[in-house]
Amino acid sequence: MQHHLHRSSSISLLSGSFLVIVTMVLHPSGGSLQRIVDLSNMMITAHTLAIASLPLILFGFYGLSQKLSDKHKISQLALMIMGFGLIAAMFAALFNGLALPYFLGQYADRLDQEANIIRPIANFSFSVNKGLDYIFIIASCISILLYSGIIVAESKLPKWIGYFGITILLLSTLGLVTGFDFISLTGFRIFTFSLAGWILFSGVSLARSKSESAS
């Protein structure tokens, strides 16, 4: 049973990280409300892929948690925290990537005339999205720290993956202290690519650990 779980969860981690990378490549840069309307199809496509990646990543982390399970059940705590962060990511993608382009599309031919109504609603959506992004970033960092600590302490996966995860946390903390804007498109891309890299390497290592245990 563990053999099959490691296999399916590693595939989920690899697939989820691939979709996240594609999402960030396709994600258009921000701009005016008119630009959002003009790029609505690309925004909807990118955020649909992002939402599709979330259950794959969550299932992958479930398998990773089983692999890293210890007597203190820290990996299960890390899974719950990651799940909390992924829920925030889902709502962030829903607000700004699906709902907002659809809402603005209804006013595509009269954005200027209805600006007094549209702009406060759009600003509210942006504000909610920022809060959700911070929840996702913080939850991801805490979860990866817990997983990485287990990896370094227990050596159930290559230790360099654990050190890589700890490095992500340290750099993220340094960025917050120095005022780096993780919510800007560039900042969010840097963090997301780093997270996707950790997920990708963990998925590969989980698959290899499965093969070794089966041999």
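Residues numbered from 1 in each chain as written. Predicted model: local features only at pLDDT ≥ 70, side-chain atom pairs only at ≥ 80, totals over all residues. Heavy atoms only, no water.

**Student:** What's the story with the nonpolar core in this structure? I'm lost.
**Tutor:** Buried together is how nonpolar side chains tend to be arranged in soluble globular proteins. Ranked by internal contacts, the top residues of the largest apolar core, which has 33 residues, are Phe 61, Phe 136, Ile 137, Tyr 147 and Trp 198. Elements represented by at least two residues in this core include exactly helix 1 (2-26), helix 3 (40-67), helix 4 (74-105), helix 5 (115-154), helix 6 (159-177) and helix 7 (185-214). The residues contacting Trp 198, other than those within four sequence positions of it, are Phe 61, Leu 64, Ile 144, Tyr 147, Ser 148, Ile 151, Ile 161, Phe 164, Gly 165 and Ile 168. In terms of nonpolar packing, the next biggest core, distinct from the first, is built from 10 residues, Leu 33, Phe 103, Leu 111 and Ala 122 among them. (Core = buried A, V, L, I, M, F, W, Y, C linked by side-chain atoms within 4.5 Å. Buried < 20%, exposed > 50% of the residue type's maximum accessible area, 1.4 Å probe, protein only. Helix = DSSP H or I, 4+ residues; strand = E, 2+ residues; numbered from the N terminus. Contact = heavy atoms within 4.5 Å.)

**Student:** Is there a simple way to explain the layout of surface pockets in this structure?
**Tutor:** Over the atoms, a rolling probe the size of a water molecule traces out where space has been left empty. Taken as a whole, the largest pocket holds about 850 Å³ of empty space. Taken together, 39 residues line the largest pocket, and the ones lying closest to its centre are His 27, His 47, Asn 129, Asp 133 and Phe 188. In the lining of the largest pocket, the residues fall into 24 nonpolar, 12 polar and three charged. (1 Å grid on protein atoms, 1.4 Å probe; cavity = no way out; pocket = protein on both sides within 12 Å on 5 of 7 lines; lining within 4 Å. Points joined across faces, edges and corners; volume = space filled by probe spheres on them. Nonpolar A, V, L, I, M, F, W, Y, C, P; charged D, E, K, R; others polar.)

**Student:** Please explain the packing of aromatic side chains as it appears in this structure.
**Tutor:** The relation between two aromatic rings is expressed through the spacing of the ring centres and the mutual angle of the planes. Here the structure, examined in full by the defined rule, presents eight aromatic pairs. Between the aromatic rings of Phe 61 and Tyr 147, the centroid separation amounts to 5.4 Å while the plane-to-plane angle is 25 degrees, which identifies the pairing as stacked. Of the two residues, Phe 61 is situated in helix 3 and Tyr 147 in helix 5; the sequence distance between them amounts to 86 residues. By relative accessible area, Phe 61 is classed as buried at 0%. Among the residues examined, Tyr 147 registers a relative accessible area of 0% and is labelled buried. The structure contains a cluster of three or more aromatic residues connected by ring pairs, namely Phe 61, Tyr 147 and Trp 198. (Phe/Tyr/Trp six-rings, centres within 6.5 Å; stacked < 30°, edge-to-face > 60°.)

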